[in-house]
Amino acid sequence: MIKNRKKYSIYFSWLIVFLPFLVYTLAETAAVWREHDVSMLLFSLLISLVSLFPIQMRQSTLVPFHGVSLAVFLHYGFFSEFLITQLAVLIIMLKTIKTKGDLFRLPLNSLMFGITSASAAAVFYLSGGVTGEVASSAVTAQALPVLLYVFTFYVLNHLILYLIKRLFVGYSRPRFFDDALKWEAISVLFVFPFGVILALLYASVGVTAIVLIGLPLLSAAAVSKTYYSSRTLNDLLKQISEFGQEMNTLGDEDVIVQRFSDTCRELFGCDEMIMYDPANDASGKLHITYIQQFAERPARNECEIDSVSRNVCRAGEPLCFGTKTERDHLGKDIFRTDIQSVLSVPAVRNQQVTGVITLLSVKKNQYSASDLMLLEILANYLTIAVQNVRHLKNIREESTRCGLTNLYNFRYFEQLLLNDFHQADKSYAIILLDLDYFKSVNDSFGHHAGNAVLKQVADVLEDNVGSEGVIARYGGEEFVILIPDCRTDRAAAAAEKLRAELANQLFFVTEDLAAHDGATVRLTASFGIAGNTAEDDHPISVLRNADRAMYLGAKNKGRNKVSTFGA
């Protein structure tokens, strides 16, 4: 990345060197352009079109404006070639520059191609070349100067690019003989004959040559663009299909979202991605669930919802904007001032909008219609993958949780003991408790009221134990608590606190068999404590010891007590 100080030096050099020379060149070529106005206009049109519509070849593009400028040089000399080349540079830069930070590339490329044009022309003239004589015999006689001109132009152009990478961009060791040089060498094999043929044909038939050469060239560019656009789209669809298959293998929602984020960055070149979920009610409101910024940027206000995403959620249709002004009609724009392109699509499942995905870019016209289609496909894959993960998570929760109290069930508790606490080096304590005389609650108020009391007991246990232990419903009105890294004396103190808390708690029942409007009941519980005091204590044996302590030491001795096994 080029620092601002170096950018300013480029602008300064362009102002003091390029602009004066441009004014001088316009004065020098004015007579030629007036005399050959139709030819120069058609040459300008041709070089503009070939700059706008390059020929696509595999993963590279061929911009044959050098062939047009070569023909102009051979006929009208250096100054006309300089102007026509600068026109091509201007068009290419206006097409490719998408951010204000890249504007320096216009003066940089103007200077670079100005230097290469002047240097190549000097080599041509010094080697005996003469412009304005473009008969076939003259071109044959000037074969060496023409070859030296083309060679100087391409080699010097690549050398300047190499120096820019090293001195301005900051590459430590850029390669001079890289793939770009190889591609330029291959392109010369096309551009050089094209320029010579255009020059010879123009000398023979005049401006008709520009049309005869230009139409096939532009047709080839159109065909190649259509072909490679289709091929690129097919490759992207294949990549997205592979992404969908990968989503089905991932079992963690956070991993799925991160993989989706990385794929969006790779495919669409976005600078920021925001994911929204709609509210569960019918209000249509959105809340942010995920933000990914791919560059160092100021933190975003997560309370603000942008108008683009809000409209996408409301209408259920995607929106794409290439510039800031295109979205002015949507009202207040909360995006940062440097954000230009916005692509926002709904994630739809069963004809319902389940989310909104919005991509932002500081570049203008970053997203195309095909990008919109591809992001919609990705969003559907994401929706299905996330819903599948959540569904599996719910199934696991249902299989490990008590449906009434939402505590873990005994099957989960037992597996936890056997899998994680079978090793002798892990100390733990088990608290088993049974509600005293709970049958009287069912007999007096009904089983529905009894279930309500069990839920309230579970709430008391969770409030007091918290994250220090694992609570499960043992069965009926019995509950069990596992406390890791805990001795039996500390577990007994915790059980005593729980016993007092339950004894002092008022439990509310709403369904009364005696036809009362409601009532409160009090309950007590008996507690048994056991720990793995011996190295060969099996977890299930420790659980049974807690059960013995509860019945023999608490239930049989009056209830509402805490008893420790072996004490």
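This text goes with the structure placed above it.
Within every chain, residues take consecutive numbers counted from 1 along the sequence as written. Totals for whole chains, interfaces and linings use all residues, but because this is a predicted model, local features are given only for residues with pLDDT of at least 70 and pairs of side-chain atoms are given and counted only at 80 or more. Working from all heavy atoms in the structure, the side-chain values ignore hydrogens and water.

## Regarding helix α3 (residues 65-76)
Working definition: helices are DSSP H or I runs of at least four residues, strands are E runs of at least two. Numbering for both runs from the N terminus. Here, expected helix span is obtained from the residue count minus one, scaled by 1.5 Å. Between its first and last C-alpha atoms α3 spans 16 Å; for 12 residues at 1.5 Å apiece the expected length is 16 Å, and the two agree. Between buried and exposed lies partly exposed: a residue is buried under 20% and exposed over 50% of the maximum accessible area for its type, with that area taken using a 1.4 Å probe on protein chains only. Along α3, 12 of the 12 residues are buried, which leaves the element largely enclosed by surrounding structure. By the burial criterion, the buried members of α3 are F65, H66, G67, V68, S69, L70, A71, V72, F73, L74, H75 and Y76. Of the residues one or two after α3, G77 is the one with positive phi, at around 90°.

## Observations regarding the nonpolar core
Soluble globular proteins: nonpolar side chains tend toward being buried together. Residues grouped as a nonpolar core are buried Ala, Val, Leu, Ile, Met, Phe, Trp, Tyr and Cys residues, joined through side-chain atoms within 4.5 Å. Grouped together as the largest cluster of nonpolar side chains are 55 residues, with contacts concentrated most on F43, V68, L74, Y149 and L198. Mapped onto this core, the elements with two or more residues apiece are α1 (4-35), α2 (37-52), α3, α4 (78-96), α5 (105-126), α7 (143-169), α8 (179-205) and α9 (208-247). Residues L461, V465, I483 and I529 belong to the second largest nonpolar core, which totals 33 residues.

## Focus on a negative patch on the surface
On the surface, a cluster of negative charge is made up of D459, E462, D463 and E501. No other element matches the three residues that helix α15 (residues 447-465) contributes to the negative patch. Position of E501 relative to the elements: it lies in helix α16 (residues 488-503). Distance thresholds for patches are 9 Å for like charges and 5 Å for nonpolar side chains (Val, Leu, Ile, Met, Phe, Trp, Tyr), applied to residues having over 30% relative accessible area and no salt bridge. All accessibility values rest on the Shrake-Rupley procedure with a 1.4 Å probe; residue burial counts only the protein chains present in the view. Between Lys or Arg on one side and Asp or Glu on the other, a salt bridge is scored when a side-chain nitrogen of the former is within 4 Å of a carboxyl oxygen of the latter. None of His or the chain ends enter the tally, which takes Lys and Arg as positive and Asp and Glu as negative. Note that the charge is assigned to NZ on lysines, CZ on arginines, CG on aspartates and CD on glutamates.

## A few points about the sheet that holds strand β6 (residues 341-349)
In spatial order, the strands read β4-β3-β7-β6-β5; together these five strands make up an open sheet with antiparallel pairing. With one partner strand each, in any of the chains shown, β4 (286-293) and β5 (319-321) form the two edges of the open sheet. Each strand axis lies, on average, 15° off the axis of its neighbour in the sheet, ignoring direction. Sitting on the sheet, helix α11 (residues 307-315) is in contact with β3 (272-278), β4, β5, β6 and β7 (352-361), with an inclination near 30° to β6. Two strands are said to pair when DSSP picks up at least two bridges between them. Here an axis means a line fitted to C-alpha atoms, over the contact stretch when the element is a helix, while the angle between two N-to-C directions is reported on a 0 to 180 degree scale. Only heavy atoms matter for contacts: two residues are in contact if any of them lie within 4.5 Å across the pair.

## Some details on the pairing of strand β11 (residues 478-484)
Counted residue by residue, β11 has six buried out of seven residues, so it is predominantly covered. By the bridge criterion, seven bridges tie strand β9 (residues 428-435) to β11 in an arrangement that is antiparallel. Among the inter-strand pairings, I430 is bridged to a residue of β11, identified as L482. Pairing analysis gives five bridges linking strand β10 (residues 470-475) to β11, with the strands arranged antiparallel. By the bridge assignment for β11, G475 is matched with E478. The hairpin turn running from β10 into β11, its antiparallel successor, is two residues long, and G476 in that turn takes a positive phi close to 60°.

## Things to note about the sheet that holds strand β14 (residues 525-531)
Taken together, the six strands give an open sheet; going across it, the order is β8-β10-β11-β9-β14-β15, and neighbouring strands pair in mixed fashion. Each having just a single partner strand, β8 (408-409) and β15 (562-564) make up the two edges of the open sheet. The pairing of β8 with β10 spans two bridges and is parallel. Residue N409 lies in a different strand from β10, and its bridge partner there is R473. Along the sheet, helix α17 (residues 539-554) contacts β9, β10, β11, β14 and β15; its crossing angle with β14, the most-contacted strand, is approximately 140°.

## Focus on the environment of M112
With respect to the helices, strands and loops of the structure, M112 is situated in helix α5. Separated by 48 residues in sequence, M112 and I160 have C-alpha atoms that sit 6.9 Å apart.

## Details of the pattern of salt bridges
A full pass over the atoms with the stated rule returns seven salt bridges. Here D443 ties to K439 by a salt bridge, and the two come within 2.9 Å at their closest N and O atoms. Note that D443 and K439 are positioned in helix α14 (residues 439-445) at a spacing of four residues, about one turn of the helix.

## A closer look at the side chain of D371
With respect to the element layout, D371 can be found in helix α12 (residues 369-400). When residues no more than four places from it in sequence are discounted, the contact partners of D371 are F268, L343 and Q366.

From the geometry alone we can't say anything about function, so treat these as descriptive.
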